[in-house]
Amino acid sequence: MSDILRNVRLQESECLNTDDSLESFVQGKSAITSEADAQLLFNLHFGGDAALSAFAITGPANGSAPKTVHLFVDRGNLSFEQTSGIDPDFKIVLTASDVATGKAHAITSSRFASLPGFLSSLRTTKAIWSRLL
């Protein structure tokens, strides 16, 4: 499994609800922590077509890692309000063990077989991510 974040175009991508550096996170140098509430929203752009066949994250074992991740494809830069009103293209429910071990979850939706340079959003319901694999 390859790390899809190597293809992220940082100047066009963003993470909402954090003051942490998206660049440091993508480079694996730091974690990302939410500010005001227990949600993060990543809008990621890629340098060319990409495919997502599995999803994994690592995080602390203290209960602050995400439990639910919603994935949206090719919808532009979404806001929290917009993601609340639409069904995700794929939903992943993580256990503490999944996060501690970085367990990969297969993406079964064909919408992720060819991402046209843009994965609209990853919305999480918890505060900290150490690494998205």
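In what follows, the accompanying structure is described. (Residues numbered from 1 in each chain as written. Predicted model: local features only at pLDDT ≥ 70, side-chain atom pairs only at ≥ 80, totals over all residues. Heavy atoms only, no water.)

## What about the overall build of the chain?
Rules: What counts as a helix is a DSSP run of H or I of at least four residues, what counts as a strand is a run of E of at least two, and both are numbered from the N terminus. Partly exposed describes any residue whose relative accessible area lies between the buried limit of under 20% and the exposed limit of over 50%, with all areas from a 1.4 Å probe on protein chains only and scaled to the type maximum. Residue contacts are counted whenever heavy atoms from the two residues lie within 4.5 Å of one another. Using a 1.4 Å probe, the Shrake-Rupley method yields the accessible areas, and only the shown protein chains count as cover for residues.
On a plain count of helices and strands, the chain comes out with 3 helices and 11 strands. With 133 residues in all, the chain has 48% of them scored as buried. Expressed as a percentage of contacts within the chain between residues at least 6 apart in sequence, the contacts between residues at least 24 apart total 72%. Of the roughly 6400 Å² of accessible surface on the chain, a fraction of 47% belongs to carbon and sulfur atoms.

## Some points on the pattern of salt bridges
Side chains bearing opposite charge may pair, as long as their charged atoms lie close to each other. Selection criterion: By definition, a salt bridge exists where a carboxyl oxygen of Asp or Glu is found within 4 Å of a side-chain nitrogen of Lys or Arg.
Applying the stated criterion across every chain yields a total of 1 salt bridge. A salt bridge links Arg9 to Glu12, with the nearest nitrogen and oxygen atoms 2.5 Å apart. Classification of Arg9 by relative accessible area gives partly exposed; the value is 34%. Residue Glu12 is classed as partly exposed on the basis of its relative accessible area of 30%.

## Here's the deal with the nonpolar core
Selection criterion: Take the buried residues of types Ala, Val, Leu, Ile, Met, Phe, Trp, Tyr and Cys, join any two whose side-chain atoms come within 4.5 Å, and each joined set is a nonpolar core.
Judged by nonpolar contacts, the single largest core of 13 residues is most densely connected at Phe55, Leu71, Ile92, Ile107 and Phe112. Elements that contribute at least two residues to this core include exactly β6 (68–72) and β7 (90–93). Dropping the residues within four chain positions of it, Ile107 is found in contact with Leu52, Ser53, Ala54, Phe55, Leu71, Phe90, Ile92 and Phe112. Ranked by size, the runner-up nonpolar core spans 12 residues in total, among them Cys15, Leu22, Phe42 and Leu44.

## What to know about the pairing of β7
Stated precisely, the cut-off is as follows: DSSP bridges decide pairing: two strands pair if at least two such bridges lie between them.
Only one face of β7 is buried: it carries Phe90 and Ile92, and the other face, with Lys91 and Val93, is open. Judged from the 4 bridges that link them, β6 and β7 form a sheet pairing that is antiparallel. Residue pairing in the sheet places Leu71 in a bridge with Phe90 of β7.

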